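# Commentary on secondary and tertiary structure
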Amino acid sequence: IAVLVTYVATQIGFGSSWMNPFSVGIAQGIAGVDVFSGAGFRMVMWVVFTALGCGMTMFYAAKVKKTPEISVAYESDQYFRDQNEKTGIDEGHSFGIGHILVLVTLTVTVVWVIWGGYYMAEIATQFFIMGIVAGVIGVIFHLNNMKVNDIAVSFKDGAKDLIGAALVVAMAQGIMQVLGGSDPTTPTVINTIMYGISQALAGLSGAAAAVLMYVFQSVFNFFVVSGSGQAAITMPIMAPVGDLVGLTRQSTVLAFQLGDGLTNAIFPTSSTMLGFLAASKIPYS
């Protein structure tokens, strides 16, 4: 449920957005249409997809709350149940001013990151500072009987939980390098496949081409999970092919947008998804 609320929700927002600069903006720019045009349709699409995602999450959560054993992650969640039992979070533990200050620290850090528009190095620094501040609060208020040395121990344990996720992310990124990278001007396996698909679509009707473009973009996303990378490779070819079969360039962009965004919640080559699953200790299967 936590992965549905955090990761799947972001992919629905990414895949149906009307103002995503990394997919819609780049694709529309390459296709030669006004950037972020067609926003009205995409807003409706976002509402529909978000409502479906909320409904699915609430339906699943209600079933699991009633019968926890039917959860697909019941066995792997034993780790977190053990952690809760050890720290006393589930029962008999008062929620006091120290806990509130830790949550305020987290909130301030997230607002700081969003407000500043920072990238990885700066974000890592901000979260490192947040960890130190939260640790100091824990020591001052004796949260879980925390002592000064426990700040370092907790940091080490947290890094231990995420190192597997970091390795998986690197391996997923490696698939793209094996296929030659995402440069649209370099002779690679990916670009050869792209050219062959464009030739096959050229003789189809507009409706059939639109559906097959969506299917192709979805499959292509297995190999190139970067939205901007996929746009750079596919749109220079797909936009003219759409013109040949009577398809508007907005429809071509939409086929790319949905094919690129929604399959990120399924494909094991999505390094972000694998990172979420690894941190949550949920097997991909």
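Residues numbered from 1 in each chain as written. Predicted model: local features only at pLDDT ≥ 70, side-chain atom pairs only at ≥ 80, totals over all residues. Heavy atoms only, no water.

### A few points about the overall build of the protein chain
Helix and strand counts for the protein chain come out as 12 helices and 0 strands. The secondary structure elements of the protein chain, listed N-terminal to C-terminal, are α-α-α-α-α-α-α-α-α-α-α-α. Along the longest, intermediate and shortest principal axes, the C-alpha atoms of the protein chain span 70 × 40 × 35 Å. Classification of the 285 residues of the protein chain by burial places 33% in the buried group. In the protein chain, the share of contacts with a sequence separation of at least 24, taken over all contacts with a separation of at least 6, comes to 66%. As displayed, the protein chain offers around 16400 Å² of accessible surface, 72% of which is attributable to carbon and sulfur atoms. (Helix = DSSP H or I, 4+ residues; strand = E, 2+ residues; numbered from the N terminus. Buried < 20%, exposed > 50% of the residue type's maximum accessible area, 1.4 Å probe, protein only. Contact = heavy atoms within 4.5 Å. Areas by Shrake-Rupley, 256 points an atom, 1.4 Å probe, with all protein chains shown as cover.)

### Let's talk about the nonpolar core
If you look at the biggest cluster of nonpolar residues, it comprises 15 residues, and the most contacted ones within it are Ile190, Met194, Met213, Phe220, Ile233 and Met238. The set of elements that each furnish at least two residues to this core consists of helix 8 (189-201), helix 9 (206-223) and helix 10 (227-244). Take this core: its biggest share by element is 4 residues, from helix 9. If sequence neighbours within four positions are ignored, Met238 has contacts with Met194, Ile197, Leu201, Met213, Phe216, Gln217 and Thr252. With 7 residues, the next largest nonpolar core counts Ala27, Ala231, Ala239 and Val253 among its residues. (Core = buried A, V, L, I, M, F, W, Y, C linked by side-chain atoms within 4.5 Å.)

### Here we look at the packing of aromatic side chains
This structure, assessed with the given rule, holds 7 aromatic pairs. A centroid spacing of 5.1 Å and a plane angle of 45 degrees characterise the contact between Tyr7 and Phe276, whose relative ring orientation is tilted. Taken as a pair, Tyr7 in helix 1 (residues 2-15) and Phe276 in helix 12 (residues 271-280) lie far apart in primary sequence, 269 residues in all. Classification of Phe276 by relative accessible area gives partly exposed; the value is 29%. An angle of 75 degrees between the planes, with centres 5.2 Å apart, marks the rings of Phe222 and Phe223 as edge-to-face. For Phe223, a relative accessible area of 30% translates into the label partly exposed. Taken together, the aromatic side chains of Phe222, Phe223 and Phe267 make up a single cluster linked through ring pairs. Between the NZ or CZ atom of Arg81 and the centre of the ring of Tyr74, over which it lies, the distance is 4.2 Å. (Phe/Tyr/Trp six-rings, centres within 6.5 Å; stacked < 30°, edge-to-face > 60°. Lys NZ or Arg CZ within 6 Å of the ring centre and 35° of its normal.)

### Some points on unusual backbone geometry
Phi at Asn144 takes a positive value of approximately 55 degrees, unusual for a residue other than glycine. Within the secondary structure, Asn144 sits in the loop between helix 6 (120-140) and helix 7 (148-178).

### Considering the pattern of salt bridges
Counting across every chain of the model gives 2 salt bridges. For the salt bridge of Asp157 with Lys160, the shortest nitrogen-to-oxygen distance reads 3.9 Å. Of this pair, Asp157 and Lys160 both sit in helix 7, 3 residues apart, which is roughly one turn of that helix. The exposure class of Asp157 is partly exposed, given its relative accessible area of 32%. For Arg249, the salt bridge identified is with Asp243, shortest N-O distance 2.5 Å. Taking the relative accessible area as the measure of exposure, Asp243 reaches 40% and is therefore partly exposed. (Salt bridge = Lys/Arg side-chain N within 4 Å of Asp/Glu carboxyl O.)

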